[in-house]
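Tertiary structure, described
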Amino acid sequence: MAETVRDAVIIGGNRIPFARAHGAYAKASNQDMLTSALNGLVARFGLQGQQLGAVAGGAVMKHSKNFNLVRESVLGTPLDPKTPAYDVQMACATGTEAIGSLANKIKLGQIDSAIGGGVDSISDAPIVVTDELRSILMEANRAKTMGQRLKALAKIRPGHLAPQAPDTGEPRTGLSMGEHMAVTAHQWEISRQEQDELAVASHQNLAAAYDEGFFDDLVTPFKGLSRDNNMRADSSIEKLAKLSPVFGRDLGDAATMTAANSTPLTDGASAVLLGSEEWADSHDLPKLANFVDYEQGAVDFVDGAEGLLMAPAYAAARMLKRNGLTFQDFEYFEIHEAFASTVLAQMKAWESEEFCKNKLGLDAPLGSIDRSRLNVTGSSLAAGHPFAATGGRIIAALAKLLHGKPGKLGFISVCAAGGQGITAIIEGR
Amino acid sequence: MTPATPIELPDLGSLYRRAALEAARSKLSANGTLKALPKAPVVAAHPGITEDQAEQYRTLFAGEAFDGVYRSSLPSTLIHIAGFPVQMALMSQDDFPLPLLGMVHLSNEVHHHKPIAVGTPLQMLARAQNLAPHRRGTQTELVIEVYPGDAAVDTAGADQLLYSSISTYLGMGTYLFSEDEAASPQREEFVPPQKTGLWTLGADAGRQYAAVSGDYNPIHLTGLTAKLLGQKQAIVHGMYSAARMLEGREPETAGHRWSITFEAPIALPGKVAFAAEHIDEKTQRFVGWNPRKRRRHFTGELVLP
């Protein structure tokens, strides 16, 4: 790092428990959830009445009325209303992108403090009218006379009235994210057994972390929930082995992806407090870790040249090179479990001499990741994955893990729709 | 070569109505008696594809906008749509030996020589060639050639040709030749490749393409009208598959060639698994199939200049 750039410090985080869609948070909106996560953070760090440098975050599934989602959420908290806020959107990498770019502003001295995060609700997803109906309604809206208006409205047909819910299909391929991942998992020969093992480890690690009180200062209750309700502490390989595949079923016996080794649709919100060293000190706040660096990546997935969720494999190589690091330099790894096979395919790619040479342009493979250092307090398979809230969940947990271990590094990888992804490095203090 | 007969750009609806009347009057599947194709091509002036048509087309296929700056070369399939009524007029002539209704589109080969933009006046020439036996009837090739509006079509050189296509059709059940003249089919085992896309086609996919193309062939519209023509369900237009296969892949400067060969028809509603594969820098191959039944719907190829 250049000498003119100062540290961006992760002070702490807060999230509400993540809830399976159409369950505990069925009646909560994105704004309700984000406001609650922010309120918890404000209360934990005594930020009432304070004017922060910026609050940034977003939601992947957003109603058009929520054009200023983060600002409206901030106005609902005890933060000083003079705190600017803005929305960010990069699919499942939204939270990580929001936090990474805020960290950059702090490093450059543009701001001294910030909150980054995200929220998503499947239960309150924006259902819209068909393109045909919208076009007719807009035409009626533009009409200058009653006659013109009636003429436009007369075009409405029963078929136009069906509500349109958003789906997880990639617009340019028509394949759902799970179907894309099934192709990649098949290409990398990721076995069902490996995926189920990773899923079980995620549930067991998350449950153990809750039992140890690890989340006591990372999670505040919401709507009667105090733990992620997707978590199954008693999950076992035997139970998971009984499930039928839900993605890649056209692969027949080679289909491996089930509802248990894929993340469920989830509602939830998270927020992370960042500041400069001086700001943290002057407010007598903890300094868990530094946000060191982050890198975005994107791949050409449309005709299958690369897997939809493989962008972090490329971003990681560039980020490690820029920082002169290898995987051996990291204490902990947080690889977002969009699907168990996403994590396993990325790790196999980094181990592959051919992939690292031909695709990443490296002389030697990046190497393997020690499983005992991977997602040690659980990840999305157990906690769930409210798209934009996942970055905040990961960064807050990893910063806490690295606290008290000065100089120890943590690695983050988050894949995203549209063939994108983000990787990040944080350093304990 | 026999000079082309100039005609007015016909209305597809009236051609289909006439074809339906004829089918009711005589035969849908009876053997024809004429053993030759019309010698004279037909040609019609086309005022140019309108901005509205281009916009309707691109809305259906979710392509990039024809903004006239970064995208103005119209897709091959839209040019085919514009020329199709002229081809239909030829096929509706009394001396055309195969009945119009119930014709099955087998394949298409296109050479898109030069870019064609919105509003460019065109001349559409259609001719028929190569009447030949097929194990399920009689097949023939229909050629569409597209020239600039001011070209002298009968004497125009190849350098004036903007677009040419050869569509092969089967007149199902119309045996103009003895059956043993037809080559026996070679059935190869189809092993689905790794899919790169999935098309989810609603029950109205045929009606939507009909609204854009004007091709209201009843076989594509509803289950009931399709049953009358011997299909169990409505099937999607062959050119819908071609359009979707090509969307976003045709070069702005044209000069490319592509082809598509149809196999099992795509019943509506339905899902089509799709794979696009780069063979070399200039060549892409495509295949579409039914992911459940593992039956192939089409294979295609695009070769850039």
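Look up a bit, the structure's there.
Keep in mind it's a predicted model, so treat the numbers as computed, not measured.

Here we come to the overall build of chain A. A count of helical and extended segments in chain A gives 14 helices and 12 strands. Seen along its three principal axes, the alpha-carbon backbone of chain A occupies a region of about 75 × 60 × 40 Å. Considering only intrachain contacts with a sequence separation of at least 6, the fraction spanning at least 24 residues in chain A is 81%.

Helix and strand counts for chain B stand at 6 helices and 11 strands. At 19 Å, chain B has a C-alpha radius of gyration in line with the 19 Å of a compact globule built from 305 residues. The C-alpha extent of chain B, read off along each of the three principal axes, is 50 × 50 × 35 Å. Split into buried and exposed, the 305 residues of chain B put 39% on the buried side. In chain B, of all internal contacts separated by at least 6 residues, the share reaching a separation of at least 24 is 76%.

Residues and elements named next belong to chain B. The mixed open sheet is built from 11 strands, whose spatial order is S1-S2-S4-S5-S6-S3-S8-S11-S10-S9-S7. Each edge of the open sheet carries a strand with a single partner, namely strand S1 (5-7) and strand S7 (197-201). With direction set aside, neighbouring strand axes in the sheet form an average angle of 20°. Pairing of strand S5 (residues 137-148) with strand S6 (residues 163-172), which is carried by 10 bridges, proceeds in the antiparallel orientation. Within S6, the position partnered with glycine 137 by the bridge is methionine 172.

In this section: unusual backbone geometry. Each neighbour pair has its own omega, and for B:Leu268 with B:Pro269 the value is -5°, a cis peptide bond. Along the chain, the position of B:Pro269 falls in the loop between strand S8 (256-262) and strand S9 (270-278). A positive phi is found at A:Lys223, a non-glycine position, where the angle reads about 50°. Considering the arrangement of structural elements, one finds A:Lys223 in the loop between helix H7 (192-211) and helix H8 (237-241). Judged by the 17 C-beta atoms lying within 10 Å of it, A:Lys223 is partly exposed.

It is worth spelling out helix H10 (residues 311-323) of chain A at this point. All names here are of chain A. Counted at 1.5 Å a residue, the expected span for H10 with its 13 residues is 18 Å, and the 19 Å between its end C-alpha atoms agrees. Of the positions making up H10, those classed as buried are Ala311, Pro312, Ala313, Tyr314, Ala315, Ala316, Ala317, Met319 and Leu320. In this fold, the buried residues of H10 make contact with strand S9 (289-298), helix H11 (340-351), strand S11 (409-416) and strand S12 (420-428).

With that out of the way, let us pick up the packing of helix H4 (residues 131-142) of chain A against helix H5 (residues 146-153) of chain A. All names here are of chain A. Look at H4 against H5: their axes get within 8 Å of each other, and the N-to-C directions meet at 175°. By the angle class used here, H4 and H5 are roughly antiparallel. Side by side, H4 and H5 meet where Ile136, Glu139 and Ala140 of the first sit next to Arg149, Ala152 and Leu153 of the second. Within the contact of H4 with H5, the residues separate by chemical class into 4 nonpolar, no polar and 2 charged.

Time to look at the interface of chain B and chain A. On the side of chain A, 9 residues touch chain B, which itself brings 12 residues to the contact. Among the elements that take part in the side of chain B that touches chain A, S7(B) stands out by supplying 4 residues, more than any other. Class assignment for the residues of the side of chain B that touches chain A results in 6 nonpolar, 5 polar and 1 charged.

So, about the environment of B:Arg17. Residues and elements named next belong to chain B. Within the element layout of this structure, arginine 17 appears in helix H1 (residues 12-25). Residue arginine 17 is classed as exposed on the basis of its 12 C-beta neighbours within 10 Å. In this structure the C-alpha to C-alpha distance between arginine 17 and asparagine 217, which are 200 residues apart in sequence, comes to 9.7 Å.

Okay, H11(A) next. Residue and element names in this part refer to chain A. A rise of 1.5 Å per residue sets the reference length of H11, with its 12 residues, at 16 Å; its end C-alpha atoms lie 17 Å apart and thus fit the reference within 8%. Counting buried positions along H11 gives 10 out of 12 residues, so the element sits mostly inside the fold. Turning to H11, its buried residues number three or more, namely Ala340, Ser341, Thr342, Val343, Leu344, Ala345, Gln346, Met347, Ala349 and Trp350.

Our focus in this paragraph is the nonpolar core. Core analysis: the biggest nonpolar cluster contains 132 residues, and A:Ile10, A:Leu274, A:Ile395, A:Leu398 and A:Ile426 have the highest contact counts within it. Residues contacting A:Ile395, with those up to four places away along its chain left out, are A:Ile10, A:Gly13, A:Thr96, A:Ile99, A:Val272, A:Ile412 and A:Ile426. Among the nonpolar cores identified, the runner-up in size contains 69 residues, and B:Val86, B:Met88, B:Ala128 and B:Trp289 belong to it.

All right, on to the packing of helix H6 (residues 177-187) of chain A against H11(A) then. All names here are of chain A. Here H6 crosses H11 at 40°, and the two axes come no closer than 10 Å. Here H6 lies oblique to H11, going by the angle between them. Relative to H11, the crossing made by H6 is left-handed. Judged by residue contacts, Met181, Thr184 and Ala185 of H6 engage Ser341, Thr342 and Ala345 from H11. For the contact of H6 with H11, the class distribution of residues is 3 nonpolar, 3 polar and no charged.

Residue and element names in this part refer to chain B. Relative to S6, strand S3 (residues 103-112) runs antiparallel, the two sharing 8 bridges. Bridged to histidine 105 within S6 is tyrosine 169. When S3 meets S8, the two strands line up antiparallel, connected through 6 bridges. The partner of glutamate 109 across the bridge, within S8, is serine 259.

Let us now look at the environment of A:Lys239. Take A:Lys239: it is sitting in helix H8. Between the alpha carbons of A:Lys239 and A:His403 there is a distance of 36 Å; along the sequence they are 164 residues apart.

Further remarks concern the pairing of S11(A). Residues and elements named next belong to chain A. Among the 8 residues in S11, 8 count as buried, and that is most of the element. Neither face of S11 is exposed, since Leu409, Phe411, Ser413 and Cys415 on one face and Gly410, Ile412, Val414 and Ala416 on the opposite face are all buried. By the bridge criterion, 5 bridges tie strand S10 (residues 330-335) to S11 in an arrangement that is parallel. By the bridge assignment, tyrosine 332 is partnered in S11 with glycine 410. As judged from the 8 bridges shared by S11 and S12, these two strands associate in the antiparallel manner. Paired with valine 414 across the bridge in S12 is isoleucine 422. Connecting S11 to the antiparallel partner S12 that follows it, the hairpin turn spans 3 residues, and glycine 418 within it adopts a positive phi of roughly 80°.

Parameters at a glance
Residues numbered from 1 in each chain as written. Chains lettered and ligands numbered in written order. Predicted model: local features only at pLDDT ≥ 70, side-chain atom pairs only at ≥ 80, totals over all residues. Helix = DSSP H or I, 4+ residues; strand = E, 2+ residues; numbered from the N terminus. Contact = placed C-beta atoms within 7 Å. Rg over C-alpha atoms; globule rule 2.2 N^0.38 Å. Buried ≥ 20, exposed ≤ 12 C-beta atoms within 10 Å, placed from the backbone. Pairing = 2+ DSSP bridges. Axes fitted to C-alpha atoms, helices over the stretch in contact; angles between N-to-C directions. Expected span 1.5 Å × (residues − 1). Parallel < 35°, antiparallel > 145°, perpendicular 65-115°, else oblique. Nonpolar A, V, L, I, M, F, W, Y, C, P; charged D, E, K, R; others polar. Core = buried A, V, L, I, M, F, W, Y, C linked by C-beta atoms within 7 Å. Left-handed = near helix turned anticlockwise from the far one by under 90°.

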